[in-house]
Amino acid sequence: MAETVFFCTSCGHESGKWLGQCPGCGEWNSFAEQPTTPKKKKKSGATPRRGAQAVPVTEAAAAPVVRLGTGLAGLDRVLGGGLVPGSLVLLAGEPGIGKSTLLLQVAAALARDHGPAVYVTGEESAEQVALRARRIDGLHDDLLLLPETSCDAVLAQLEELEPRLVVVDSVQTAILDDVDAVAGSVSQVRQVAARFQHFAKTRGVPVVLVGHVTKEGSIAGPKLLEHLVDVVMSLEGEPGHDLRALRAGKNRYGTIAELALYSMTGRGLEPVQNASAWLLEDRRSGAAGSAVAVALEGTVPLLVEVQALAAPSVLGTPRRVAHGLDSSRLALLLAVLERHAGISFADRDVFVNLVGGLSLREPALDLAVAAALVSSSADLPLASELAIFGEIGLLGEVRAVSRAAERVREAAALGFGRVALPTRDANGKLELPTTAISTVADLPSLLQPSD
Ligand code: TYD
Ligand code: MG
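Below you will find a few notes about this structure. (Residues numbered from 1 in each chain as written. Chains lettered and ligands numbered in written order. Predicted model: local features only at pLDDT ≥ 70, side-chain atom pairs only at ≥ 80, totals over all residues. Heavy atoms only, no water.)

Along the chain, the regular secondary structure elements total ten helices and 21 strands. Considering only C-alpha atoms, the chain reaches an extent of 85 × 50 × 50 Å along its principal axes. Taken across its 451 residues, the chain has 49% of its residues classed as buried. For the chain, contacts bridging at least 24 residues in sequence account for 67% of all contacts bridging at least 6. Roughly 21,800 Å² of accessible area belongs to the chain as shown, and the carbon and sulfur atoms make up 51% of that amount. (Helix = DSSP H or I, 4+ residues; strand = E, 2+ residues; numbered from the N terminus. Buried < 20%, exposed > 50% of the residue type's maximum accessible area, 1.4 Å probe, protein only. Contact = heavy atoms within 4.5 Å. Areas by Shrake-Rupley, 256 points an atom, 1.4 Å probe, with all protein chains shown as cover.)

What follows concerns the site of ligand 1. Taken together, 15 residues form the shell around ligand 1, and within it Gly96, Ser100, Thr101, Thr265 and Gly268 come nearest. Within the side chain of threonine 101, a nitrogen or oxygen atom sits 2.6 Å from an oxygen atom of ligand 1. Summarising the interface, the protein chains cover 74% of the accessible area of ligand 1, which totals 560 Å² for the free molecule. Those elements that provide at least two residues to the shell around ligand 1 are helix H3 (99-114), helix H4 (126-135) and strand E11 (259-265). For the shell around ligand 1, the per-class residue count stands at three nonpolar, seven polar and five charged. (Near = heavy atom within 4 Å. Polar contact = N/O pair within 3.5 Å; in protein donor to acceptor, adjacent residues only side chain to side chain. Nonpolar A, V, L, I, M, F, W, Y, C, P; charged D, E, K, R; others polar.)

This part is about the sheet that holds strand E17 (residues 386-388). Reading across the sheet, the seven strands line up as E15-E16-E14-E13-E17-E20-E21 and stay open at both edges, with mixed pairing between neighbours. Each edge of the open sheet carries a strand with a single partner, namely strand E15 (320-323) and strand E21 (434-437). The average undirected angle you get between the axes of adjacent strands in this sheet is 25°. In the sheet, strand E14 (residues 300-312) pairs with strand E16 (residues 348-354) via seven bridges, with the strands oriented antiparallel. When the bridges of E16 are listed, alanine 311 appears paired with aspartate 349. On the sheet, helix H8 (residues 327-340) packs against E15 and E16 and is oriented at approximately 125° with respect to E15. Taken strand by strand, helix H9 (residues 366-378) contacts strand E13 (290-297), E14, E16, E17, strand E20 (418-422) and E21, and its axis lies near 30° from that of E14. (Pairing = 2+ DSSP bridges. Axes fitted to C-alpha atoms, helices over the stretch in contact; angles between N-to-C directions.)

Taken in spatial order, the nine strands make up an open sheet running E6-E5-E7-E8-E4-E9-E10-E11-E12, and their pairing is mixed. Of all strands in the sheet, those with a lone pairing partner are strand E6 (143-146) and strand E12 (268-271), marking the two edges. On average, each strand axis in the sheet is tilted by 25° relative to the strand beside it, whichever way the strands run. Sheet topology places strand E4 (residues 88-93) next to strand E9 (residues 231-236); four bridges connect them, and they run parallel. By the bridge assignment, leucine 90 is partnered in E9 with valine 232.

We now examine the side chain of serine 150. With respect to the secondary-structure elements, serine 150 resides in the loop between E6 and helix H5 (151-161). Serine 150 sits in the buried class, given a relative accessible area of 15%. Residue contacts for serine 150: discarding those within four places in its chain leaves Ile175 and Asp177.

Glancing now at the pattern of salt bridges. When charged atoms on two side chains of opposite charge get close, those side chains can pair. Taken as a whole, this structure holds 16 salt bridges when the rule is applied. Glutamate 124 serves as the salt-bridge partner of arginine 132, at 2.8 Å between the closest nitrogen and oxygen. What emerges from the salt-bridge pattern is a single network uniting Asp152, Asp178 and Arg195. (Salt bridge = Lys/Arg side-chain N within 4 Å of Asp/Glu carboxyl O.)

That's the geometry; what it means functionally is another story.
Following this line, the structure appears as structure tokens:
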């Protein structure tokens, strides 16, 4: 008999009854009803399955891991050095962001360098994908398009084709006939992923699943698969901007959450060579409310302009708008500035923007965000050759951050003449003159007097 259970479409949390808010991930209205297929009863008296053999760690470590280059420099770095054979990778992102384009580029490059790559397309026809392949210069005989949504049919074909890479676009369109639920539902997505995982592990072929992130929650999101897959990558970007950020949220084969930047061009995604220069291209130096932050994502330092605008509010509750930054972090910085630097934003609307459409979470951005706010509030600019980094604590103190020397080196390489940084990071040999900042109360000293 089939019973009904409820699943969170965002994280997969299971419940016997419908819940308004998911206790697992905190999402609202994410619960959907799913019939469950009853588990088969174990036959009594059956001999227990002989499990895997224990192996010495030294023996396991001796097996070399050969990684496959993807043809895209930044992507290889995000993966920790290329695709690991037998790994299951999830590429998550909002519709239209460029997931299919990125993976078609990868499949074409892999087909060219290593042999057959199968691109399973459940959303678009082979002709549509071929048009895109032509556009990105990816026409190659070993790039095989498989327009099929049945998971069993795909797996049967893969056994014959013996590919070096499989891309499944998307996991939400693939369907297993023996699962009693619609495509994209929690049970389908989970079991489809489990099947491809089995294929990847037993055949030693990397499989990349595309997972759409959607706000509606009518289809199951990639969060559901995070525990199952080896690597979770996400492709992010702002509508109206060409910049795309690729990062790994989870990586069983890499050590650091790396970031790679691409620009969406007429011929697909192209790596952004000098990301800092690219991000600072349109900067109007000497403007009040502008500060240049030195962020570090993974191992790559990145200079990015922070813009702040504090303007008199006509509303009872002034607005706080953050683009590219966590809005609760902005609220915290405003409260700290009010208490420890005596600058009030109570009757002002505050807008903060990371220029270029990039989204960053690094605490080392705090000091630049605060400096931009102080600059906008005073209507005085910061020195145009100044780069800034440091984390701000609740007591207004400026805390040291990781890899200060590398951040300073990047600022020097881009022609900046001075760095404002936490006092503790100012010790040691650095490539630029520094201004040490110990509390947020020191920030007004960075402002340039108007003449
Ligand atoms: P797509 O890869 O289809 O996004 P996703 O698979 O994440 O839904 O790409 C969507 C957008 O990218 C589409 O609006 C067209 C644009 N695009 C380019 O700008 N240049 C290109 O070379 C390609 C192939 C697409
Ligand atoms: Mg697509």
